[in-house]
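# Remarks on the overall topology
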Amino acid sequence: MQAPDPAKNQKILGRYWRGYLKPFRLQMALAFLVMVIEGSTLGLLSWMLEPLFDQVFASGSSGALVWVGLGILGLFLLRATTSVVGRWLLARVNLTSTGLLQADLVRHLLTLDAGFYKDHSPGKLIERVQGDTGAAQGAVTMVIGGIGRDLVSLIGLFIVAILIDPVWTAAALVGAPLLLLPAVVLRRYLRRKAIRSRQQAGLRAMHLDEIFHGIQAVKLNRIEDYQSDRFKRIVATIVRTEVKTAVGRATMPALVDVITGVGFFAVLMLGGSEVAAGNRTTGEFMAFFTAMALTFQPIRRLSDLAGQWQVAGASLERVFELLDTRPTGSRPAVSRAVPAPGPLEVRFDAVRFDYPDRPVIDGLSFTAEAGKVTALVGSSGAGKTTVFQLIAALIEPQAGRILIGGIDVQDLSLFDQRALLASVSQDAALFDETLRENLVFGRDSVDPDALASALADAEVTSFIADLPAGLDTPAGPRGSALSGGQRQRVAIARALLANAPILLLDEATSALDTRTEAAVSAALARAQAGRTTLVIAHRLSTVKGADKILVLDRGRLVEEGTHDALLAKGGIYTQLHQAQLRD
């Protein structure tokens with residue numbers, strides 16, 4: 001683990017300031033001013049103790065007692081008011097700036113390609129968005145509170161102490177230089193532990209995500225104890241790291257306590273003897289001693305400031321690391337050319353795509369004619385799903401070209417390319433929103449007739465009436481309030497409503513019963529009219545009527561033709577067909 005780099009920390013803080021704090025500079029300035037007033041009250045309080053002892057207690061003046069007492073009461077009232085106002089302002093800045101950072105981070109993550117999500121689990125990303133930004137949230141409070149309140153308090157208190165007696169002040173600070181080396185060592189130690197803690201928190205979130213998303217598999221395989229033990233080990237590691245971090249953060253204030261105790265002892269020996277000898281007044285000594293005592297908490301907070309910043313800095317570094325991640329492709333923000341309206345041809349020209357551990361698509365060339373149905377078949381791992389991901393720009397080809405409507409997709413923006421597509425997969429993705437929101441996906445205006453037609457064609461109207469609130473019924477987490485077949489029909493209706501020129505179907509009727517499958521297949525057949533349709537088929541019986549069937553094997557096109565023509569060849573397609581008949 002590398003040692004903390006002060007220049008890098010300053011760069012991170014500067015970036016955080018420019019991007020997320022600068023818009024709140026007026027509120028921060030006001031909070032700083034309020035904190036300065038709060039911090040100055042300690043110096044004034046200690047300064048007022050001298051006349052309290054020398055002019056009130058020593059002389060017995062009751063009139064002066066009232067005025068000094070009212071002055072001290074006013075200071076406490078002022079301190080209470082500024083404390084509340086300052087923390088209110090800082091809370092607004094902290095929470096609002098953190099919300100903006102989280103929103104920007106999510107917006108940026110949604111621009112990254114599918115390859116990024118293969119290397120970063122949802123749980124770890126959730127922890128980055130929530131945990132790391134939350135850990136960095138106190139950066140504003142640390143800086144403004146530390147400088148505006150605690151540092152001003154110290155300066156005021158030391159001014160009072162120096163005015164009373166510079167020699168006593170020097171005696172109180174005799175051990176301060178001894179804190180320099182421990183401060184440097186602890187800063188590096190806390191940085192390492194902070195990064196380690198954030199990494200382990202990401203692992204914990206990832207494991208929880210896997211458990212709850214895979215709860216059915218956990219129960220069916222009776223691995224509740226196994227998963228519990230795994231989680232327990234992760235939590236134990238986090239606890240050990242957090243405890244070490246807490247001890248590290250507590251060490252510096254503890255050293256301050258020791259040094260402060262040494263200073264108090266020196267002042268007591270030096271000042272006490274002078275008061276006893278009559279060279280200094282009791283009021284002077286009490287004012288000085290109170291000033292030194294009141295420095296106790298500000299020094300403790302300031303000494304902990306470095307540790308807090310290491311934690312916040314480590315989290316901000318991880319956040320900005322994600323914000324600096326760029327998509328692997330080089331698509332234009334605005335399309336250089338767009339296909340003409342109408343059915344679009346999809347053509348692969350010697351396309352290659354490899355994952356780090358294996359090749360997937362190997363020089364694949366084919367044409368899906370405009371307005372026709374093209375099916376992709378092949379054994380598991382043949383590359384069918386990867387072809388769909390390439391068409392949808394979820395991944396980018398590493399060689400060759402993909403053309404849609406005669407336009408190289410590299411000339412299309414990602415937004416424009418995906419606007420040409422509507423898709424339905426065997427895993428119907430629904431969000432925990434109402435069915436209506438799952439259908440329209442934030443579009444401001446949807447033609448009611450088009451919506452009704454899509455619902456009818458996808459056989460959604462057959463079960464909508466039985467739901468508690470119709471289209472406004474919540475779908476539940478991941479669509480859990482609906483059956484598998486109902487989720488699939490909602491996804492089909494969504495694709496029909498999109499009215500895109502290219503339709504991608506990945507076993508779109510796989511979760512439907514026989515009656516509903518027949519009805520939805522007829523609806524899909526109507527939807528395919530005038531569109532270019534590509535179908536991934538695992539059950540060959542579903543693609544008998546395709547205009548063209550492409551047979552893939554290890555990322556290569558090995559056969560193509562109609563169902564009857566391919567059966568007549570007696571090749572791989574025939575073998576797949578016979579195997580399914582035997583099953």
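Quick look at the structure, then. Here the structure is a predicted model, which means the values were calculated and not measured.

Counting its secondary structure elements, the protein chain contains 21 helices and ten strands. The C-alpha radius of gyration of the protein chain comes to 35 Å, more than 25% above the 25 Å expected for a compact globule of 583 residues. Dimensions of the protein chain, computed from the C-alpha atoms along their principal axes, are close to 120 × 55 × 50 Å. For the protein chain, with 583 residues in total, the buried portion stands at 44%. Residue pairs in contact within the protein chain that sit at least 24 positions apart in sequence constitute 78% of those at least 6 positions apart. Of the roughly 28900 Å² of accessible surface on the protein chain, 60% is carried by carbon and sulfur atoms.

Summarising the element assignment, Thr 133 is placed in helix 5 (residues 122-135). A relative accessible area of 1% places Thr 133 in the buried class. At a separation of 2.9 Å, a polar atom in the side chain of Thr 133 contacts the side chain of Gln 102. The residues touching Thr 133, leaving out its near neighbours within four places in the chain, are Thr 98, Leu 101, Gln 102, Arg 128 and Val 319.

In this section: the pairing of strand 7 (residues 502-506). The element strand 7 is extensively covered by neighbouring structure, given that five of its five residues are classed as buried. Alternating positions in strand 7 separate into two faces, Ile 502, Leu 504 and Asp 506 on one and Leu 503 and Leu 505 on the other, with burial throughout. Taken together, the four bridges between strand 6 (residues 421-424) and strand 7 define a ladder with parallel strand orientation. Each residue of the ladder has a partner; that of Val 424, found in strand 7, is Leu 505. Strand direction decides the pairing type here: strand 7 and strand 8 (residues 532-536), joined by five bridges, are parallel. Looking across to strand 8, one finds that Ile 502 is bridged to Thr 532.

The next point concerns the environment of Val 319. Mapped onto the elements of the fold, Val 319 is located in helix 12 (residues 296-323). For Val 319, a relative accessible area of 0% puts it in the buried group. In the structure, Val 319 is positioned 109 residues away from Glu 210 in sequence and 23 Å away in space, judged by C-alpha atoms. Val 319 has contacts with Leu 101, Leu 105, Arg 128, Asp 132 and Thr 133, leaving out every residue within four places of it along the chain.

What follows concerns the sheet that holds strand 1 (residues 346-355). Across the sheet, which stays open at both edges, the four strands sit in the order 2-1-4-5 with antiparallel pairing between neighbours. Looking at strand neighbours, the two that pair on one side only are strand 2 (358-368) and strand 5 (407-408), the edges of this open sheet. The sheet contact formed by strand 1 and strand 2 spans seven bridges and is antiparallel. Note on strand 2: the bridge partner recorded for Asp 354 is Pro 359.

Spatial strand order, 6-7-8-3-9-10: six strands in an open sheet with mixed pairing. Each edge of the open sheet is held by one strand with a lone partner, namely strand 6 and strand 10 (556-561). Within the sheet, the average angular offset between the axes of one strand and its neighbour, ignoring direction, is 20 degrees. In the packing of helix 18 (residues 484-498) onto the sheet, the strands contacted are strand 6 and strand 7, and the crossing angle to strand 6 comes to about 170 degrees.

This part takes up the nonpolar core. The biggest cluster of nonpolar side chains holds 44 residues, and the ones touching the most others in it are Val 377, Leu 435, Leu 439, Val 543, Ile 549 and Tyr 573. Element by element, the count of residues in this core is highest for helix 18, at seven residues. Sequence-distant contacts of Ile 549, that is, excluding residues within four places in its chain, are made with Ala 375, Val 377, Val 543, Glu 559, Glu 560, Gly 561, Thr 562, His 563, Leu 566 and Tyr 573. In this structure, Phe 348, Ala 392, Leu 421 and Leu 504 belong to the second largest nonpolar core, which totals 32 residues.

Scanning the entire structure with this criterion turns up 14 salt bridges. Residue Glu 369 is joined to Lys 548 by a salt bridge in which the shortest nitrogen-to-oxygen separation is 3.1 Å. Of this pair, Glu 369 sits in the loop between strand 2 and strand 3 (373-377) while Lys 548 sits in strand 9 (residues 548-553), and the two are 179 residues apart along the sequence. Sharing partners across several salt bridges, the network here consists of Arg 128, Asp 132, Arg 318 and Glu 321.

Further remarks concern empty space enclosed by the protein. Applying the stated rule across the entire model yields one cavity of 30 Å³ or more. Along its surface, the largest cavity is lined by Thr 41, Leu 42, Leu 45, Leu 75, Phe 76 and Arg 79. Secondary structure elements with two or more residues in the lining of the largest cavity: helix 2 (25-57) and helix 3 (62-109). In terms of residue class, the lining of the largest cavity is made up of four nonpolar, one polar and one charged.

What follows is about the packing of helix 16 (residues 448-457) against helix 18. Where helix 16 meets helix 18, the axes come as close as 8 Å, and the angle between the chain directions of the two elements is 140 degrees. By the angle class used here, helix 16 and helix 18 are oblique. Two packed elements cross with a definite hand, and for helix 16 against helix 18 that hand is right-handed. Note on element contacts: helix 18 touches helix 16 through Ala 493, Leu 496 and Leu 497, opposite Ala 450, Leu 451, Ala 454, Leu 455 and Asp 457.

The rules behind the values
Residues numbered from 1 in each chain as written. Predicted model: local features only at pLDDT ≥ 70, side-chain atom pairs only at ≥ 80, totals over all residues. Heavy atoms only, no water. Helix = DSSP H or I, 4+ residues; strand = E, 2+ residues; numbered from the N terminus. Rg over C-alpha atoms; globule rule 2.2 N^0.38 Å. Buried < 20%, exposed > 50% of the residue type's maximum accessible area, 1.4 Å probe, protein only. Contact = heavy atoms within 4.5 Å. Areas by Shrake-Rupley, 256 points an atom, 1.4 Å probe, with all protein chains shown as cover. Polar contact = N/O pair within 3.5 Å; in protein donor to acceptor, adjacent residues only side chain to side chain. Pairing = 2+ DSSP bridges. Axes fitted to C-alpha atoms, helices over the stretch in contact; angles between N-to-C directions. Core = buried A, V, L, I, M, F, W, Y, C linked by side-chain atoms within 4.5 Å. Salt bridge = Lys/Arg side-chain N within 4 Å of Asp/Glu carboxyl O. 1 Å grid on protein atoms, 1.4 Å probe; cavity = no way out; pocket = protein on both sides within 12 Å on 5 of 7 lines; lining within 4 Å. Points joined across faces, edges and corners; volume = space filled by probe spheres on them. Nonpolar A, V, L, I, M, F, W, Y, C, P; charged D, E, K, R; others polar. Parallel < 35°, antiparallel > 145°, perpendicular 65-115°, else oblique. Left-handed = near helix turned anticlockwise from the far one by under 90°.

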